[in-house]
Amino acid sequence: MKLKSVFVVLSTAFLLVGCSEENTQTQSQQEMDPQSIKDLVNDYSIGNIDAENASITSEQLIVEETSGEKREYDLPDDEFFVSIAPYVKNTHPCTNHSLTGCQGELANEQFDVVIVDATGNIIIEETMVSGENGFIDMWLPRDKEYEVRITHDGKMAENNFSTYKTDQTCMTTMQLL
């Protein structure tokens, strides 16, 4: 009887360890459909969801909770996230955009944004509003080169950028002159 009890206890412990490892993997790498990922990025960006830190690389949304839990979400295979903070006087260096920490100078402002690809096709031509964080968020096709022109209050900035795997998701170098 003792042997059977020991076997049951060890089997249960083994199963629990196996489940906890599976749970850790699920928490570290979350799989969601592309639109749900884009919605999640937007919710962190506009402050609908709080986290200790939420940042976005060219391939992943990385969320760190105040509890220390870290979750990673793969971004859509065919779309690239870029966030642009046009400025007049103040900016900061940035490579991977922090959805919960980066603050641009011009919050809640209207900008005329034109983005053209390398072959001359207009990808975006619209008036966009920066968020509370002063950034304009957008999703563009991956593995392309673009030219962006932003105008605001009679001032303009232009820049070239691309959406390859090694490119940055945060653009803070567009000074409006």
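How each quantity is defined
- Residues numbered from 1 in each chain as written.
- Predicted model: local features only at pLDDT ≥ 70, side-chain atom pairs only at ≥ 80, totals over all residues.
- Heavy atoms only, no water.
- Helix = DSSP H or I, 4+ residues; strand = E, 2+ residues; numbered from the N terminus.
- Buried < 20%, exposed > 50% of the residue type's maximum accessible area, 1.4 Å probe, protein only.
- Lys, Arg positive; Asp, Glu negative; His and termini not counted.
- Salt bridge = Lys/Arg side-chain N within 4 Å of Asp/Glu carboxyl O.
- Polar contact = N/O pair within 3.5 Å; in protein donor to acceptor, adjacent residues only side chain to side chain.
- Contact = heavy atoms within 4.5 Å.
- Disulfide = S-S within 2.5 Å.

Can you break down the side chain of Asp117 residue by residue, with the values?
Position of Asp117 relative to the elements: it lies in strand E7 (residues 110-117). Salt bridges are absent for the buried Asp117, whose nearest opposite-charge side chain, Lys144, sits at 5.9 Å. Within the structure, the side chain of Asp117 is placed 2.8 Å from the backbone nitrogen of Asn121, a separation counted as a polar contact. The residues touching Asp117, leaving out its near neighbours within four places in the chain, are Ile123, Glu145 and Tyr146.

Tell me about the state of the cysteines, and name the residues and values.
This model, assessed by the stated rule, comprises one disulfide. Through a disulfide, Cys94 is tied to Cys170; the S-S separation comes to 2.2 Å. Residues Cys94 and Cys170 share a disulfide whose torsion about the S-S bond is about 110°; that sign makes it right-handed. On the criterion of sequence distance, the pair formed by Cys94 in the loop between strand E5 (79-84) and strand E6 (97-98) and Cys170 in strand E12 (residues 170-171) is long-range, its members being 76 residues apart. Here Cys94 falls in the buried class, since its relative accessible area comes to 15%. Here Cys170 falls in the buried class, since its relative accessible area comes to 0%. The closest cysteine sulfur to the non-disulfide-bonded Cys102 is located on Cys94, 3.6 Å from its own sulfur.

Interpretation in functional terms is not warranted from these geometric data alone.
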